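Commentary on secondary and tertiary structure
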Amino acid sequence: MVRARSEERRADIVRAALEVIAERGYRGASLGAVAERVGLTQQGLLHYFPTKEALLVAVLQERDTWDTSGGRGREGWRLDLVDSLVEYNAMRPGIVQTFSALLGESVTDGHPARDFFTERYTQVREEMAKVLRLEFGERLPGGLTPERAAPLLTAVMDGLQYQWLLDPAAVDMPAAFRDFLRLLGLGTADPGGRVDAGGTHGPDAGDPGDLGDD
């Protein structure tokens, strides 16, 4: 019973942190602001999350759970759903800012978020390879295997976030991601700019260099 109450309290704190981040951004999401939102002192919050980094990792884990449909992972995902996720991220700059800032810090030795991101990228590369294999089989139109293309797909998704955060007026993140999919031959854009990645390419599709008309 005590454990259940503790887990419920942790969940409340994570939800409050998500709200504060959405309202104030990464730098404005102080432990004190989150503690006040859930009716705790800052010292009381530290009982559940001993550092700000620990709380932010929990927030990102919650974000991933939400993004992957109730924790089922990206099993069965299609490229159009990945495309939709990039577009969705463009509507929540606070959480993207938190992810990007913590990711940048985590590359230093001993950072408390390093293990989280290392494990996350291992999982995401595997999941993206499965998405690509489900869509195209063992070879993409450009000739890459799903395993070789997966790190590129992941890098573009996350790398675009930095450029977009720094200059959102100059970088249209969803459009740039769709351009990358087209560059690899992963579907064609419709007149509205959306990507059609519904199996338009395959082992027997015509010229792999034909990206279709703009």
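All of these numbers come straight from a predicted model, not from anything done at the bench.

1. Notes on helix H9 (residues 173-183)
In an α-helix there are 3.6 residues to a turn, and that puts residues three or four apart on one side. Turning to H9, its buried residues are Met 173, Pro 174, Phe 177, Arg 178, Phe 180, Leu 181 and Arg 182. You can read the cap of H9 off the contacts: a side-chain oxygen lies 3.2 Å from the backbone nitrogen of Ala 175, and it is on Asp 172. Gly 185, located one to two residues past H9, shows a positive phi value of around 80°.

2. Description of the side chain of Ser 106
Its location among the elements puts Ser 106 in helix H6 (residues 93-106). By relative accessible area, Ser 106 is classed as buried at 4%. Within the local environment of Ser 106, its side chain forms a polar contact with the backbone oxygen of Leu 103, the two atoms lying 2.7 Å apart.

3. Looking at a nonpolar patch on the surface
On the surface, a cluster of nonpolar side chains totalling about 400 Å² of accessible area is made up of Trp 66, Tyr 88 and Met 91. Tracing the chain through its elements places Tyr 88 in helix H5 (residues 79-89).

4. With respect to the pattern of salt bridges
When the charged atoms of two side chains with opposite charge come close together, those side chains can pair. Overall, the coordinates contain ten salt bridges when judged by the stated rule. Between Arg 15 and Asp 12 there is a salt bridge, with its nearest N and O atoms 2.4 Å apart. Linking Arg 15 with Asp 12, this pair stays in helix H1 (residues 2-28), spanning three residues, or about one helical turn. Owing to a relative accessible area of 44%, Arg 15 belongs among the partly exposed residues under this scheme. Using a relative accessible area of 24% as the deciding quantity, one classes Asp 12 as partly exposed. Each of the salt bridges in this network shares a partner with another, and the network as a whole consists of Glu 19, Glu 23 and Arg 37.

5. Quick word on H5
For H5, the set of buried residues is Leu 79, Val 82, Asp 83, Leu 85, Val 86 and Asn 89. Down the axis, H5 shows its buried residues gathered within 155° of arc, on one side only.

6. Points about the nonpolar core
Residues Leu 55 and Phe 117 are the most contacted members of the largest nonpolar core, which totals 53 residues. At the level of elements, H1, helix H2 (31-37), helix H4 (52-67), H5, H6, helix H7 (114-136), helix H8 (146-166) and H9 are the ones that each hand at least two residues to this core. Examining the composition of this core, we find that nine residues originate from one element, H7, more than from any other. If we skip the residues at most four places from it in the chain, Phe 117 touches Leu 60, Phe 99, Leu 102, Leu 103 and Ser 106.

Calculation notes
- Residues numbered from 1 in each chain as written.
- Predicted model: local features only at pLDDT ≥ 70, side-chain atom pairs only at ≥ 80, totals over all residues.
- Heavy atoms only, no water.
- Buried < 20%, exposed > 50% of the residue type's maximum accessible area, 1.4 Å probe, protein only.
- Helix = DSSP H or I, 4+ residues; strand = E, 2+ residues; numbered from the N terminus.
- Polar contact = N/O pair within 3.5 Å; in protein donor to acceptor, adjacent residues only side chain to side chain.
- Patch = residues over 30% accessible without salt bridge, like charges linked within 9 Å, V, L, I, M, F, W, Y side chains within 5 Å.
- Areas by Shrake-Rupley, 256 points an atom, 1.4 Å probe, with all protein chains shown as cover.
- Salt bridge = Lys/Arg side-chain N within 4 Å of Asp/Glu carboxyl O.
- Arc of directions from axis to C-beta.
- Core = buried A, V, L, I, M, F, W, Y, C linked by side-chain atoms within 4.5 Å.
- Contact = heavy atoms within 4.5 Å.

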